[in-house]
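Structural characterization, general
One-letter residues, chain by chain:
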Amino acid sequence: MMAITATLIAELFAHAARSPSAHNTQPWIPRFAPATTPRSPAEVHVAVDPARTLPVGDPNSQDLHLAMGCWVESFTIAAAEVGIHVGIGSVRGRGPALEIRLVLTALPDRPGASDLWPRFTSADLHHRQVDRGPMRRAEEPFATAFAAAERGLAASGTAPFEGRAPTKGMALVEVPHDLWETNLARATRYSYSHADIFTETLEWLRFDRRASSYAQDGLSADCLQIPRTLAAVAARLNTARLRPWIGALTSAALAPVELIDRLRASVVRRTSRDRRSPAPASTGGSAPLHHLVLVKDSTAPSAGADSLAKQEIELGRNLLRIWLLLDRHGLRVDVHSEIKDCPQTRSAVSDYLLDDHGMHALPVAAFSVGLSTTAVPRSARRPVEPIHS
Ligand SMILES: Cc1cc2nc3c(=O)[nH]c(=O)nc-3n(C[C@H](O)[C@H](O)[C@H](O)COP(=O)(O)O)c2cc1C
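Note that the structure is a prediction, hence the values are computed from the model and not measured.

Turning next to the overall build of the protein chain. Along the protein chain, the regular secondary structure elements total 11 helices and 11 strands. With 389 residues in all, the protein chain has 47% of them scored as buried. Within the protein chain, residue pairs in contact and separated by at least 24 positions form 78% of the contacts whose partners lie at least 6 positions apart. Just so you have it, the protein chain exposes about 18300 Å², and 58% of that area is on carbon and sulfur atoms.

Before going further, it helps to spend a moment on a nonpolar patch on the surface. Taken together, the side chains of Val 233, Leu 237, Leu 242 and Trp 245 define a hydrophobic patch exposed on the protein surface, amounting to about 400 Å² of accessible area. For Trp 245, the location among the structural elements is in helix α8 (residues 243-271).

Right, let's get into the site of the ligand. Neighbouring the ligand are 20 residues; Arg 128, Arg 132, Ser 337, Ser 379 and Arg 381 lie closest to it. Take Val 130: an N or O atom from its main chain is 2.9 Å from an oxygen atom of the ligand. Within the contact set of the ligand, an oxygen atom lies 2.7 Å away from a side-chain nitrogen or oxygen of Ser 379. In the complex, 92% of the free accessible area of the ligand, which totals 620 Å², lies under the protein chains. Looking at the shell around the ligand, its residues break down into seven nonpolar, seven polar and six charged. In this structure, the shell around the ligand is formed jointly by two domains, domain 1 (6-127) and domain 2 (135-176 + 288-372), each of which donates at least three residues.

To continue, consider helix α9 (residues 305-328). Its 24 residues give α9 an end-to-end C-alpha distance of 35 Å, which sits within 8% of 34 Å, the value for a rise of 1.5 Å per residue. Among the residues trailing α9, Gly 330 stands out with phi positive, at a value near 80°.

Analysis parameters
Residues numbered from 1 in each chain as written. Predicted model: local features only at pLDDT ≥ 70, side-chain atom pairs only at ≥ 80, totals over all residues. Heavy atoms only, no water. Helix = DSSP H or I, 4+ residues; strand = E, 2+ residues; numbered from the N terminus. Buried < 20%, exposed > 50% of the residue type's maximum accessible area, 1.4 Å probe, protein only. Contact = heavy atoms within 4.5 Å. Areas by Shrake-Rupley, 256 points an atom, 1.4 Å probe, with all protein chains shown as cover. Patch = residues over 30% accessible without salt bridge, like charges linked within 9 Å, V, L, I, M, F, W, Y side chains within 5 Å. Salt bridge = Lys/Arg side-chain N within 4 Å of Asp/Glu carboxyl O. Near = heavy atom within 4 Å. Polar contact = N/O pair within 3.5 Å; in protein donor to acceptor, adjacent residues only side chain to side chain. Nonpolar A, V, L, I, M, F, W, Y, C, P; charged D, E, K, R; others polar. Domains from an automatic or database assignment. Expected span 1.5 Å × (residues − 1).

Purely geometric numbers; function is a separate question.
Here's what the structure looks like:
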């Protein structure tokens, strides 16, 4: 049986640190609480660093809860690999006040293969990456991974929706390319045209390679695939003093476009029930990527803020499993949360889910899937603190 020591837990924290988070904020603060008596379990308590949240872009803390769920799942995977079972003891609070208590149990044997999801390892956690560069459509690996993810979600107790009376839960749904393209363009303009959202995003962009933060957190010029010369100019402009000005100027320039988009969105929504065009076979000469949304049932009675946080943590765990599963099939994801953050595009996707799938559902995560065609730069992470027991 594996002894649960501070050294071992520090290793597991290092694996879990490869977890994804919006803007690579890495909001988690894990703490090891060793067993105090021979009969009491060792625990890990995970809190949120409020300075690593996105109060403007993520006002309901949905992305924060998803990221915390991804971390819990990453830690659970790394722990299972060394024969430690991780159970959720409690989830309290929400947003920056969220506290998760994990209970650790050393197993006599390493766990056997699970038929819900592949038995992921720490190698999978380190291999997974978001790709914002050019990707290629892939049919066969996508179809296999998608079917496996659907089985995994169903077996995780989060059954897919059934017809017009959805069961409580979540589902993974493919979105047609034309709907995706239209709404991605609209959602991107929405983010740029809101000065406060744009300014907050700028705070997490890392252009200056000499700054210590470049290798620690945020979205680096490398990861964003921005050419070096452009990154050098951006580094000079993206300072705390200039940021609010850049945000305000960009949003002022885009505000009229946003207004037109809103008008157009309401017209499109009114006529969307008559629109059934299939995805075009190709875009710009190459086949379009597959686009997926992880959706949650929107009919479940509201069960209070704390249990919403619990539900979103569970969604985050499944989101990570889906991304790891795609990675196992050689596929990467390009994430576009703006589609579920922008009210107009969120409801356009919601309308599609109802019209074409009979689901009363809301998107909580949106991403394209494909094969990477160029090397993907590694995202930064903060160093993991040593644990003193
Ligand atoms: C809840 C959540 C939302 C995210 N939203 C976006 C997004 O809108 N755009 C994007 O480019 N990446 C998004 N990401 C991906 C993160 O930026 C990425 O995980 C982080 O930069 C670390 O990079 P890595 O996943 O390649 O290790 C999101 C990740 C999570 C967990």
